[in-house]
Amino acid sequence: IGGECPVDTTFTLSINIDPPAAVTQEDACADNVNLIATPPGNYSYVWFRNGAQFNGSQQVQIGIADNGATYRFDARNRDTGCIIASPNFTATVLGTLSVTVSNAQPCEGVDFQLTATPNRTPDTYAWTLDGTVISGATTQVLQVTNDADGLYRVTITHTSGSYTCTANAEVQINVADVVPGSLLDQYIICPDPANADPASREVLLNPDPRDAYIAYNWFKDGVPLGVTTKTLLATEIGEYSVNVINRNSCPGSDRTDVIEECDPKISGPNAFRPGGLNKEFYLFTFFIADSPFDIFIYNRWGEMVFHSSDINFRWNGGYKNQAGQELPPGTYSYIVKYKSSYRPDKGVQEFRGGVVLLK
């Protein structure tokens, strides 16, 4: 046997190095989130939640109840049998963030507010009108005081860790017009029993000739009348007002003053016959002051044949009312000077007429 001889042997050693394992997740701002195992490839995956094993694939879906849970996985290389383990990963599932905004029907001249209602408490609110940021509008409730029409939008955010969830809602606001009432500032009636004209003893108050309102509530001198009809018949003086609701559901009001003013009225017979049934001439007066009062009666040549300062005068057809000085038949004109008992500030007024003296 000879001495030992050195022998050289050459072989190839292949070493497969798997990439590092890690858990990632999709956006946390959802109700269900996928956890994703990396690396992908020819691996089988075994997942662990808070240390408890459960089977899975490269992706597993978790929900809001899993927020804050710790996950990891082992990945076995199907070619080599080698296992790589991921580090622990704390899952964040914040859930879908949503918000609604109240849809107000504001009325012209009336302040209103819009309220954002989120499904969970956000960190911030921001409001815009037609795309322009409303300065200082950073709370849940937006107070609107300037009758501004337009598209209102609220944006909310909620941040947890490195995740920020955003949601928004919008509403189109059209400010409804308030339809003004049609009552005059003042109405005049003459409720005096001596008023022979029934139409002027009362007034029908109608604030809504255009049928723009759907509800009414009447007041007199601030006291509710319990009247909810469209019109009100006013037979007394006072301040009348009505609260209304128009067809846009907007409240409104209207008011008027009903005052008493009786226009003077003078009437008398157009003929009389001394010695007959209608033997004296006199006048019926309404709403005329007793004084000053004057009546002047003239013949056809303009001569004054009778004068009296007594509102209750009687003319017997004689010259200056002397029975023994009868005047000839014919037409006699007269002038009455008087003052209104309700409006003496108008001064002395005149009324002219004529009467036929018969024989």
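Focus on the nonpolar core
Counting 24 residues, the largest nonpolar core has Leu114, Trp127, Tyr152 and Val154 as the members making the most contacts within it. Of all the secondary-structure elements, those providing two or more residues to this core are strand S9 (99-101), strand S10 (112-118), strand S11 (124-129), strand S13 (141-144), strand S14 (150-160) and strand S15 (163-173). For this core, the element with the most residues is S15, which contributes five residues. Contact partners of Val154, with chain neighbours within four places excluded, come to Val99, Val101, Ala116, Tyr125, Ala126, Trp127, Ala167, Asn168 and Ala169. Counting 20 residues, the second-largest nonpolar core is a separate cluster that includes Phe281, Ile297, Val305 and Tyr338.

Thoughts on the packing of aromatic side chains
The geometry of an aromatic ring pair comes down to the distance between the two centres and the angle between the two planes. For the structure shown, the criterion picks out 15 aromatic pairs. Taking the centre distance of 6.4 Å and the plane angle of 85° together, the rings of Phe54 and Tyr71 count as edge-to-face. Of the two residues, Phe54 sits in strand S4 (residues 52-55) while Tyr71 sits in strand S6 (residues 70-77), which places them 17 residues apart along the sequence. Taking relative accessible area as the criterion, Tyr71 reaches 1% and is therefore assigned buried. Within the aromatic cluster, the residues linked to one another by ring pairs are Phe272, Phe281, Phe306, Phe313, Trp315, Tyr332 and Tyr334. Here the guanidinium or amino end of Arg72 rests over the ring plane of Phe48, the centre of that ring lying 4.2 Å away. When the ring centre of Tyr282 is taken as reference, the NZ or CZ atom of Arg314 above it lies at 3.9 Å.

Here's the deal with the sheet that holds strand S19 (residues 223-224)
As summarised here, the arrangement of the five strands in space is S16-S22-S21-S18-S19, forming an open sheet in which the pairing is mixed. At either end of the open sheet lies a strand with only one pairing partner, and these are strand S16 (186-189) and S19. The sheet contact formed by strand S21 (residues 238-246) and strand S22 (residues 251-260) spans eight bridges and is antiparallel. Pairing of Ile245 across the sheet is with Pro251, part of S22.

Brief notes about the side chain of Ser308
Relative to the helices and strands, Ser308 resides in strand S27 (residues 304-308). Engagement of the side chain of Ser308 in a polar contact is seen with the backbone nitrogen of Asp310, the distance being 3.1 Å.

Some remarks on the pairing of strand S28 (residues 330-340)
With seven bridges connecting them, strand S26 (residues 288-298) and S28 associate as antiparallel partners. Its bridge partner being in S28, Phe296 is matched across the sheet by Ile335. In this structure, S28 lies alongside strand S29 (residues 349-357), joined through nine bridges in antiparallel fashion. Pairing of Ile335 across the sheet is with Arg352, part of S29.

Section: the sheet that holds strand S2 (residues 32-38)
Here we have three strands laid out as an open sheet, ordered S1-S2-S5, and antiparallel in their pairing. Looking at which strands have only one partner, the edges of the open sheet turn out to be strand S1 (22-25) and strand S5 (59-63). Neighbour to neighbour, the strand axes of the sheet diverge by 30° on average, direction disregarded. Two strands pair when backbone bridges link them, and S2 and S5 are joined in this way by five bridges, in the antiparallel orientation.

Section: the pattern of salt bridges
Per the stated rule, a full pass over the model turns up 13 salt bridges. Linking Asp345 and Arg343 is a salt bridge whose minimum nitrogen-to-oxygen distance equals 3.0 Å. Residue Asp345 is classed as exposed on the basis of its relative accessible area, which comes to 55%. Judged by relative accessible area, which is 28%, Arg343 ranks as partly exposed. Through salt bridges with shared partners, a single ionic network connects Lys220, Asp221 and Glu236.

Calculation criteria
- Residues numbered from 1 in each chain as written.
- Predicted model: local features only at pLDDT ≥ 70, side-chain atom pairs only at ≥ 80, totals over all residues.
- Heavy atoms only, no water.
- Core = buried A, V, L, I, M, F, W, Y, C linked by side-chain atoms within 4.5 Å.
- Buried < 20%, exposed > 50% of the residue type's maximum accessible area, 1.4 Å probe, protein only.
- Helix = DSSP H or I, 4+ residues; strand = E, 2+ residues; numbered from the N terminus.
- Contact = heavy atoms within 4.5 Å.
- Phe/Tyr/Trp six-rings, centres within 6.5 Å; stacked < 30°, edge-to-face > 60°.
- Lys NZ or Arg CZ within 6 Å of the ring centre and 35° of its normal.
- Pairing = 2+ DSSP bridges.
- Polar contact = N/O pair within 3.5 Å; in protein donor to acceptor, adjacent residues only side chain to side chain.
- Axes fitted to C-alpha atoms, helices over the stretch in contact; angles between N-to-C directions.
- Salt bridge = Lys/Arg side-chain N within 4 Å of Asp/Glu carboxyl O.

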